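# Coordinate inspection notes
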Amino acid sequence: DMKVTQMPRYLIKRMGENVLLECGQDMSHETMYWYRQDPGLGLQLIYISYDVDSNSEGDIPKGYRVSRKKREHFSLILDSAKTNQTSVYFCASSYWGQDTQYFGPGTRLLVL
Amino acid sequence: QQQVRQSPQSLTVWEGETAILNCSYEDSTFNYFPWYQQFPGEGPALLISIRSVSDKKEDGRFTIFFNKREKKLSLHITDSQPGDSATYFCAASVPPNTGYQNFYFGKGTSLTVIP
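Residues numbered from 1 in each chain as written. Chains lettered and ligands numbered in written order. Predicted model: local features only at pLDDT ≥ 70, side-chain atom pairs only at ≥ 80, totals over all residues. Heavy atoms only, no water.

## Comments concerning the sheet that holds strand β7 (residues 62–67) of chain B
Residue and element names in this part refer to chain B. Taken in spatial order, the five strands line up as β1-β3-β8-β7-β6 in an open sheet, and their pairing is antiparallel. Because the sheet does not close on itself, it has two edges, and the strands there are β1 (4–7) and β6 (56–59). Direction aside, neighbouring strands of the sheet carry axes that sit 15° apart on average. Pairing geometry for strand β3 (residues 19–25) and strand β8 (residues 72–77), over six bridges, is antiparallel. Within β8, the position partnered with C23 by the bridge is L73. (Pairing = 2+ DSSP bridges. Helix = DSSP H or I, 4+ residues; strand = E, 2+ residues; numbered from the N terminus. Axes fitted to C-alpha atoms, helices over the stretch in contact; angles between N-to-C directions.)

Rendered as structure tokens:
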């Protein structure tokens with residue numbers, strides 16, 4: 001069963017705290033993505049990873065970093081979270097060269 | 001610059017009617033256009049897609065019409081059902097052999113189907 005998982009599903013942090021969002025997939029997809037979704041703005045690409053330790057900035061990478069040490073696992077890190085990083089974060093994965101992305105259920109982050 | 005635009009932002013139709021969701025794009029090198037459906041509290045899921053070599057793609061009640069010359073496409077949902085109430089995202093991507101695989105998403109159309 002093809003699946004993308006995200007942990008945690010909900011998270012509340014204070015401004016200045018560090019945040020770790022985790023994503024896993026069981027399809028051996030080479031490519032993984034992190035997006036954020038804000039009302040009325042659609043999905044904005046933060047980072048894309050083409051495989052282990054092969055990451056590239058997306059459209060809005062400022063304030064974020066990523067880590068991919070295993071093909072099935074992709075982490076998004078917010079060092080010293082800001083209130084404007086309150087959002088819903090989605091992870092997705094796909095085979096390289098194929099077009100279908102599989103999305104996780106999202107993590108709802110509130111930064112106070 | 002917004003690469004993919006969608007209209008309307010929200011749409012309400014009666015059950016049984018045809019809902020038409022519009023999408024336009026900027027980059028003529030885009031060659032793949034997926035539509036994603038998202039229910040509240042869930043991640044987007046691929047609904048239907050089309051490649052630029054085709055002008056129409058059908059899957060049950062869902063049909064994409066594609067006009068390459070005008071860089072426009074539309075998603076038609078015939079016999080709309082209350083269960084179709086969701087947000088629909090149009091996306092576009094360039095060929096992956098360019099070395100950078102990225103998808104550009106529109107801002108979405110929120111569809112409500114009234115019983």
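## What to know about the side chain of A:R68
All names here are of chain A. Within the secondary structure layout, R68 lies in strand β7 (residues 65–70). D51 provides the closest opposite charge to the buried, unpaired R68, separated from it by 4.8 Å. Among the polar contacts listed, one links the side chain of R68 to the backbone oxygen of E30, at a separation of 2.5 Å. Engagement of the side chain of R68 in a polar contact is seen with the side chain of S49, the distance being 3.0 Å. (Buried < 20%, exposed > 50% of the residue type's maximum accessible area, 1.4 Å probe, protein only. Lys, Arg positive; Asp, Glu negative; His and termini not counted. Salt bridge = Lys/Arg side-chain N within 4 Å of Asp/Glu carboxyl O. Polar contact = N/O pair within 3.5 Å; in protein donor to acceptor, adjacent residues only side chain to side chain.)

## Structural notes on the pairing of strand β8 (residues 73–78) of chain A
All names here are of chain A. With respect to burial, β8 is a largely interior element, five of its six residues being buried. Pairing analysis gives six bridges linking strand β3 (residues 19–25) to β8, with the strands arranged antiparallel. Its bridge partner being in β8, C23 is matched across the sheet by F74. Looking at chain direction, β7 and β8 are connected through four bridges and run antiparallel. Following the sheet pairing, S67 is matched in β8 by S75. Between the antiparallel neighbours β7 and β8 lie two residues.

## A word on the packing of aromatic side chains
The way to describe two aromatic rings as a pair is by their centre distance and the angle between their planes. Applying the stated criterion to the full structure yields 14 aromatic pairs over all chains. With centroids separated by 5.9 Å and ring planes inclined at 65°, the aromatic side chains of A:Y64 and A:Y89 adopt a geometry described as edge-to-face. Taken as a pair, A:Y64 in the loop between β6 (54–57) and β7 and A:Y89 in strand β9 (residues 87–94) lie far apart in primary sequence, 25 residues in all. You'll find A:Y64 and A:Y89 in the same group, each marked buried. Between A:F103 and B:F105, the ring centres sit 6.1 Å apart and the planes meet at 80°, which makes this aromatic pair edge-to-face. (Phe/Tyr/Trp six-rings, centres within 6.5 Å; stacked < 30°, edge-to-face > 60°.)

## Observations concerning the interface of chain A and chain B
The accessible area lost on association of the parts is a frequent measure of interface size. Across the boundary between the two partners, chain A contributes 28 residues, which contact 20 residues of chain B. Both faces combined, the contact of chain A with chain B buries some 1900 Å², and carbon together with sulfur accounts for 50% of it. Of all residues in chain A, A:L43, A:W96 and A:D99 bury the most surface against chain B, accounting for 29% of the area lost on that side. At the level of secondary structure, the elements contributing two or more residues to the side of chain A that touches chain B comprise β4 (31–38), β5 (42–51) and β9 of chain A. With five residues, the single largest contributor to the side of chain A that touches chain B is β5(A). The class makeup of the residues in the side of chain A that touches chain B is 12 nonpolar, 11 polar and five charged. (Contact = heavy atoms within 4.5 Å. Buried area = accessible area lost by both parts, 1.4 Å probe. Nonpolar A, V, L, I, M, F, W, Y, C, P; charged D, E, K, R; others polar.)

## Considerations on the nonpolar core
B:W35, B:L73, B:L75 and B:Y88 are the most contacted members of the largest nonpolar core, which has 26 residues in total. Put simply, the parts of the chain that give this core at least two residues each are β2 (10–14), β3, β4 (32–38), β5 (45–51), β7, β8, β9 (86–93) and β11 (109–114) of chain B. Once residues lying within four places of it in the same chain are set aside, the contact partners of B:L75 are B:A19, B:I20, B:L21, B:W35, B:L47, B:I48, B:F62, B:T63, B:I64 and B:Y88. Counting 20 residues, the second largest nonpolar core, distinct from the first, contains A:Y64, A:L78, A:A81 and A:C91. (Core = buried A, V, L, I, M, F, W, Y, C linked by side-chain atoms within 4.5 Å.)

## A look at the pattern of salt bridges
Following the criterion strictly, the structure yields eight salt bridges over all chains and no others. Measuring nitrogen to oxygen at the nearest pair gives 3.0 Å for the salt bridge that ties A:D53 to A:K69. One end of the pair, A:D53, is in the loop between β5 and β6; the other, A:K69, is in strand β7, and 16 residues separate them in sequence. With a shortest N-O distance of 2.8 Å, B:R61 and B:D84 are connected by a salt bridge. Within this pair, whereas B:R61 is found in the loop between β6 and β7, its partner B:D84 is found in the loop between β8 and β9, the two being separated by 23 residues in sequence. Residue class for B:R61 comes out partly exposed when judged on its relative accessible area of 26%.

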